[in-house]
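# Analysis of the macromolecular model
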Amino acid sequence: MSKSLTLVSVVGARPQFIKLAPLLRSIDRFNEVESNKIKHYTIHTGQHYDHGMSDIFFEELEIPHAEYNLGVGSGRHGVQTGKMLAGIEELLLELEPDMLIIFGDTNSTVAAALAAAKIHIPIAHVEAGLRSFNRRMPEEINRIASDHISDILLAPTPTAVTHLTREGLEEITVLTGDIMYDTVLLNQQLAARKSDILTKLGLEENTYAVATVHRAENTDAPERLEALLNMFNEIAENHYPIVFPMHPRTSHRLPSMLPDWKAHPNLRLIEPVGYLDMIQMLGHARLAFTDSGGLQKEAFFLNCPCITLRDETEWVETVMAGGNVVVGANPEKIMQALFQWKSRFQEEEIDFAPDIAPYFGEGDAADKILHAILKYLQPAVAV
């Protein structure tokens, strides 16, 4: 490399901190052998701002804390995104990076993309090409806009490549594999060593389920949230104890929306947990119930059957590979999926490992992402 490069990553939510970690390690490996080092700065928008949803992930994943934190916090989409846009633009003008790196589909993602595009800084979108085809989801708008603003699209799966090709973006698309698979591989053993969550909660392997609920479609509609919580109570009473790390969005909604709802004793409501604790819990759970995109994949990577509490999923690969059933908030479908999994537990050993590589790659996505970024910059920088 003939001259040093400056890269800036923008993150703001749990899944993005997790995706950032392997990329930072890839940059470190590059800098160990190259005389011209890559300078990297992290901008944290503060979209997730409490310790349980933010700082703990930097600490656990053993990556440097962000050099810049905008402290935007929560708020309406327009207000939050506007504050991010203004703050990110100011920092980009100061840092003058060769490329901006964005991750996923949050308000931080689209705000960073808009800020960079308007001042002509090239953009690399990690996890490009995901589509749920539900434009009522804020994430769907964020990911579509970010893809069409970006200069290089780093697609995690062949399905994502297909979506981008259909939208006329094939020439700037690179299939890299899924960077979250890198993270699971890197941290599975670390979780086994450092996490004591199973002991702390008195959990025995394959005897409990894990649940998470945080998406607006589930938390902003009282009847939908109540249906899910009542199903959790029924399952906890009659099938498996459930550990339910409650997202701040969900816990804030409960007192006003469902003041009379009470959890069954076998439904364990706990504070949000760190990444290593979640990996450890998922890796030993019998089932996962979630509306999180990232958790669907993490469950799949960790051989944990998943029931997705949404009406669609952008991670169709987990469904195609037989590791995930999409049910929405429909009680009947949830119970059908539960009994489907219970039947499979009796008939066969659940093993998703053979299907990971064809869909999600070999666990070297971070190196491929960095290589694609350097190749893109090659007209100005010899690689």
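Just so you know, these numbers come straight off a predicted model, no measurement behind them. (Residues numbered from 1 in each chain as written. Predicted model: local features only at pLDDT ≥ 70, side-chain atom pairs only at ≥ 80, totals over all residues. Heavy atoms only, no water.)

### Here's the deal with the state of the cysteines
Counted only if it meets this: Here, a disulfide means two cysteine sulfur atoms that sit within 2.5 Å of each other. Partly exposed residues are those whose accessible area sits between 20% and 50% of the maximum for their type, while under 20% is buried and over 50% is exposed, using a 1.4 Å probe and protein chains only.
Under the definition given, this model contains 0 disulfides. Cysteine Cys304 is unpaired, with the sulfur of Cys306 as its nearest cysteine sulfur at 7.1 Å. Assessed through its relative accessible area of 1%, Cys304 is described here as buried.

### Focus on unusual backbone geometry
Counted only if it meets this: By the criteria applied, helices consist of DSSP H or I runs no shorter than four residues and strands consist of E runs no shorter than two, each listed in order from the N terminus.
Phi at Glu127 takes a positive value of approximately 75°, unusual for a residue other than glycine. Positive phi outside glycine occurs at Asn303, with the angle close to 70°. Tracing the sequence through the fold places Asn303 in the loop between helix H13 (293-301) and strand S12 (306-308).

### Some words on the packing of aromatic side chains
To keep things clear, this is the line we draw: Pairing of aromatic side chains here covers Phe, Tyr and the six-membered ring of Trp, requires ring centres within 6.5 Å, and sorts the geometry by plane angle: under 30 degrees stacked, over 60 edge-to-face, intermediate tilted.
One pass over the structure, following the stated rule, counts 11 aromatic pairs. Consider the rings of Phe232 and Phe244, whose centres lie 5.4 Å apart with planes at 80°: the pair is edge-to-face. Of the two residues, Phe232 is situated in helix H10 (residues 222-238) and Phe244 in strand S9 (residues 242-245); the sequence distance between them amounts to 12 residues. Note on Phe244: relative accessible area 0%, which makes it buried. Their ring planes at 55° and their centres at 5.9 Å tell us that Phe300 and Phe360 sit as a pair that is tilted. Pair noted here: Phe300 is in helix H13 and Phe360 is in helix H16 (residues 356-360), with a separation of 60 residues, a long-range link. For Phe360, a relative accessible area of 0% corresponds to the buried category. A connected cluster of aromatic rings, assembled from ring pairs, spans Tyr181, Phe300, Phe301, Trp315, Trp341, Phe345, Phe352 and Phe360.

### Details of the pairing of strand S4 (residues 99-103)
This is how the line gets drawn: Only strands that DSSP links by at least two bridges are regarded as paired with each other.
With 5 of its 5 residues buried, S4 lies for the most part within the structure. Note that strand S1 (residues 5-11) and S4 share 4 bridges and pair parallel. The residue of S4 that forms the bridge with Val10 is Ile102. For S4 and strand S5 (residues 123-126), the ladder comprises 4 bridges, and the chain directions are parallel. Looking at the pairing, Ile102 lines up with His125 of S5.

### With respect to the sheet that holds strand S10 (residues 267-270)
By way of backbone hydrogen bonds, the strands of a sheet pair with one another, either parallel or antiparallel. Selection criterion: Between the N-to-C directions of two axes lies an angle of 0 to 180 degrees, each axis being a line fitted to C-alpha atoms and, for a helix, fitted only over the stretch in contact. Whether two residues touch is decided by their heavy atoms; if any such pair falls within 4.5 Å, the residues are in contact.
Taken together, 6 strands build an open sheet; the order of strands is S10-S9-S8-S11-S12-S13 and the sheet is parallel. Across the chains shown, the open sheet's two edge strands, defined by having one partner strand only, are S10 and strand S13 (324-326). Ignoring strand direction, the axes of neighbouring strands in this sheet form an average angle of 20°. Here H10 sits on the sheet in contact with strand S8 (209-212), S9, S10 and strand S11 (287-290), set at roughly 145° to S9.

### Let's talk about the nonpolar core
Rule in force here: Take the buried Ala, Val, Leu, Ile, Met, Phe, Trp, Tyr and Cys residues and link them wherever side-chain atoms come within 4.5 Å; each set so joined is a nonpolar core.
Phe232, Met281 and Phe289 are the most contacted members of the largest nonpolar core, which totals 105 residues. When residues in this core are grouped by element, the largest group, 8 residues, is from helix H1 (residues 14-33). Excluding residues that lie within four positions of it along the chain, Phe232 makes contacts with Ala211, Val213, Ile242, Phe244, Leu267, Phe289 and Leu309. Within the second largest apolar cluster, 18 residues are counted, among which are Val72, Met84, Ala113 and Ala116.

### Points about the sheet that holds strand S7 (residues 173-175)
The strand order across the open sheet built from 7 strands is S3-S2-S1-S4-S5-S6-S7, with neighbouring strands paired in parallel fashion. A single partner strand is all that each edge strand has here, and the edge strands are strand S3 (68-69) and S7. Across 3 bridges, the pairing between strand S6 (residues 152-155) and S7 is parallel. Residue pairing in the sheet places Ala155 in a bridge with Leu175 of S7. Sheet contacts for H1: S1, strand S2 (38-44) and S4; angle to S2, the most-contacted strand, approximately 165°.

### Describing the pairing of S10
As a reminder, the rule being used: When the strands point away from the viewer and the connection leading from the first strand across the helix to the second strand turns clockwise, the crossover is called right-handed.
As paired strands, S9 and S10 are joined by 4 bridges and run parallel to one another. Across the sheet, residue Ile242 finds its bridge partner in S10, namely Leu267. In this fold, the crossover linking S9 to S10 by way of helix H11 (residues 248-257) has right-handed handedness.

### Some details on the pattern of salt bridges
Applicable threshold: Every case where a carboxyl oxygen of Asp or Glu lies within 4 Å of a side-chain nitrogen of Lys or Arg is listed as a salt bridge.
Evaluated as defined, the whole model comprises 19 salt bridges. One salt bridge connects Glu314 with Arg143, and the closest N-O pair in it is separated by 3.3 Å. With Glu314 in the loop between S12 and helix H14 (316-320) and Arg143 in helix H5 (residues 138-149), the pair connects residues that are 171 residues apart, well separated along the chain. For the pair Glu314 and Arg143, a shared accessibility class is recorded, and that class is buried. We note a salt bridge from Lys297 to Asp178, for which the minimum N-O separation is 2.7 Å. On the criterion of sequence distance, the pair formed by Lys297 in helix H13 and Asp178 in the loop between S7 and helix H7 (179-194) is long-range, its members being 119 residues apart. When its relative accessible area of 0% is taken as the criterion, Lys297 is described as buried. Taken together, the salt bridges that share partners define one network made up of Asp105, Glu139, Glu140, Arg143, Arg215, Arg310 and Glu314.

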